[in-house]
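Next come the chains, spelled out residue by residue.
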Amino acid sequence: MSKKHVWYVVLAEFDLIEGSVIRRQHPEPTGAADNFLAEAMLPEGSHSRSEDETVFMLPKIIIEGKSGGKAAGGNEKAPRPVLHCLSCFLAKKDDKVKRGSVTKALAVCSPHTFIHAFRPVIRLALKELFSPISKADPKAHELRIVQELYDTLNGLTLPSAYPLPPIHESLYRAARLREAHNRPFQDLDLKITWRSRDISTRVPAIVGEDEIGQVKLINLLKRFKTGFMKIFNAILLERRVLFIGHNLPASEVCQHVLAACLMVSPPLSGVKERVFPYTSISNLEKLLATKGYIAGVTNPIFSQRSSWWDVCCDLNDGKILVSAEYQKVLDTCGEPEGPEGGPQKGDQASPTSGGFDRVHVLDAEFSAEVRVGLEMGRGDTWAREMISGYVERIVDLAFGDAASAADTACMAENMPRILLLKNTTQFRLHANRRGVSKSSGPCGRATMLLSRHVKTLQHGTPSERELDGILDYMVQTLDCQEKLVQLLTLLPEAKGGLYPIALCLFHEKRSVQDKATRLLRKFDDFKEGSLWLSALNFFLLRTYMRCKARQDREMESKKLTQETKKSTVDPVDRKTPPVDPQAKQEEAGKELRPDEATEDKPRARTSRTGRIRRASLGSTVV
């Protein structure tokens, strides 16, 4: 059951008397209330436009399934995963009906998050529901279309490269790889055949845990230019965030809600379990019962009820409202509580008292950096890396992971936010997974130490001895491509990539320069690593090439020296002509008398050279 691409296909229709109703659920009911499904598939204000779409979620539940075949008649309980649902609706004019138009919506519910890939075939199937053939036997025609759509999507074969291994997923998230794979984000081609018609679509090779559909974070950042950090903090601290788009397409509202999830994920996860991309007033009870929801609506009545939300984001004018209750939490954060739960006055105030004032200053500096990047034409990948890196640093500080004095100071400034973050569910879930992720991958237990070393290079001011030790550790530890790839995941483009390592090429100590060069050469040997190198600026690349050439010359010189020493052997090591052992023994036994010596006969010498010469000349007795 878990291998299904689509679990359900649902057909809804607007009836003039009954309102929004469900006509078909195939192959079985979804388990959700009919009124919830109908309202989610046919958004409020749909009568004012001819087509639109919504996204909604069906939670993870336990369902009963048949096991052991029909003969056995047994049942087993199996978990149904969280389902991501895409609904497309279409309204066509029809003078024969009282309302003057017929409105239908068709939704597919899938465990995959790339539901946008199903959009083209859903729209084609929806148009088939309005064909003239349907008028002869509408119910039979609807059933046939719904069944065919269900079978077609479940008959798909995903590309063999999907999904990428986790380590490569992290790698490709860390930088743009258009040059490496000749297409943005390395999307994979998928072909769907609908009624003899081939439809080309794409499935992303990189799919985040909380990334649903095809959304762009930069659209949200540009819509709320100066206030997007208010949204960021509210989602990070699990407060209720509401997006309102009065008279806007429901699809536009959904896109902003789904993009908001990407503000904290990664590195945090589980955000989609509290998201309502589109909801209505009929789902209010369930919405308010969800802690820290992120929701989108088109009904303006929500903006008038500040008790329903903590942060309200108006998509029409880009304004952000903060409820009085939530503002009080921010103002008193970090102050010790009094006997009645309020801030305590007196000399015992916490060093972090003053609420979010300093946090707002830090956020203003960061948001200004992001806005400048967007104005310079930076893309969505860059923006996501910047936000993700900002979250990661806050989370690391919350765990007390300070690699330098600057980190310690930053921790003190972020303390009000850290105190609130530690009380969230997503932080506790992240804490449970943190130990596993820090010791996983090709580097194993060395991952945590490598991460600390990278942060020291990025944010700290290590001493000469520390720097030499860090580079030496990396050169010795990163002995294969898989480990080098894992290090690249810690060096995203938004944080400068290999810049902290390349900067060591300018160090005054020669050993630091050499180790930095040796480390960079390792990345130069494979495609992804060479991309990181090519992203360095001209001066760093030129310095690297100069240091690399110097190393090559020194290695060549050393090699030539060794070869010269090998060819110039000491005479004592040369091989002597073979000598008969018996003749040698007889010669050794002879004694040369003093009167036998003559002037023209070579004199015996005791030196090594003399012994060699005597052995070669032999002894002559006159």
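Above this note sits the structure.
Quick notes on the rules
Per-chain numbering applies: the sequence of each chain, read as written, is numbered from 1 onward. Per-residue local features are limited, in this predicted model, to residues with pLDDT of at least 70; the limit for side-chain atom pairs, both in listing and counting, is 80 or more; totals at the level of whole chains, interfaces and linings are taken over all residues. To obtain the side-chain values, all non-hydrogen atoms of the structure were included, while hydrogens and water were left out. Orientation is described by axes fitted as lines to C-alpha atoms, over the contacting stretch for helices, and by angles from 0 to 180 degrees between their N-to-C directions. Here a strand is any run of E in DSSP of at least two residues, a helix any run of H or I of at least four, and the numbering for each starts at the N terminus. We call two directions roughly parallel when the angle between them is under 35 degrees, roughly antiparallel when it is over 145, roughly perpendicular when it lies between 65 and 115, and oblique otherwise. Helix crossings get a hand from a simple test, with the near helix turned counterclockwise from the far one by less than a right angle marking a left-handed crossing and a clockwise turn marking a right-handed one. For this analysis, residues touch if any pair of their heavy atoms sits within 4.5 Å. Throughout this description, a polar contact denotes any pair of N or O atoms lying within 3.5 Å of each other; where both atoms belong to protein, one of them has to be capable of donating a hydrogen while the other can accept it, and for residues adjacent in sequence the pair is counted only when both atoms sit in side chains. Helix span, expected: 1.5 Å multiplied by one less than the number of residues in the helix. Each residue is placed in one exposure class: buried if its accessible area under a 1.4 Å probe, protein chains only, is under 20% of its type's maximum, exposed if it is over 50%, and partly exposed if it falls in between. In the scheme used here, Gly and all other residues not listed as nonpolar or charged are polar, with Ala, Val, Leu, Ile, Met, Phe, Trp, Tyr, Cys and Pro taken as nonpolar and Asp, Glu, Lys and Arg as charged.

Novice: Residues and numbers for the packing of helix α8 (residues 228-236) against helix α12 (residues 357-375), please.
Specialist: α12 packs onto α8 with a crossing angle of 120° between their chain directions and a minimal axis gap of 10 Å. One way to sum up the angle between α8 and α12 is to call them oblique. Considering how the two elements wind past one another, α8 and α12 form a crossing that is right-handed. Residue-level contacts link Phe-228, Met-229 and Asn-233 of α8 to Asp-363, Phe-366, Ser-367, Val-370 and Arg-371 of α12.

Novice: How would you sum up the side chain of Ser-280? Please name residues and give values.
Specialist: Note that Ser-280 resides in the loop between β11 (275-276) and α10 (284-288). Within the structure, the side chain of Ser-280 is placed 2.9 Å from the side chain of Ser-282, a separation counted as a polar contact. Setting aside chain neighbours within four positions, we find Ser-280 in contact with Glu-39, Glu-44 and Phe-302.

Novice: So what about helix α4 (residues 138-154)? Which residues, and what values?
Specialist: Given a rise of 1.5 Å per residue, 17 residues ought to cover 24 Å, and the 24 Å separating the end C-alpha atoms of α4 matches this to within 8%. Among all positions in α4, only His-141, Glu-142, Ile-145, Val-146, Leu-149, Tyr-150, Thr-152 and Leu-153 are buried. Buried residues in α4 make contact with β1 (8-15), β2 (19-26), β7 (101-110), α3 (119-128) and β8 (188-194).

Novice: Now, about the packing of helix α21 (residues 510-523) against helix α23 (residues 538-567): what can you tell me, with residues and values included?
Specialist: Taken N-terminus to C-terminus, the directions of α21 and α23 make an angle of 100°; their axes are 10 Å apart at the nearest point. Classed by the angle they form, the pair α21 and α23 counts as roughly perpendicular. Within the contact between the two elements, α21 uses Arg-510, Gln-513, Asp-514, Thr-517, Arg-518, Leu-520 and Arg-521 and α23 uses Tyr-544, Cys-547, Lys-548, Arg-550, Gln-551, Asp-552 and Glu-554. Here the contact of α21 with α23 is composed, by residue class, of three nonpolar, three polar and eight charged.

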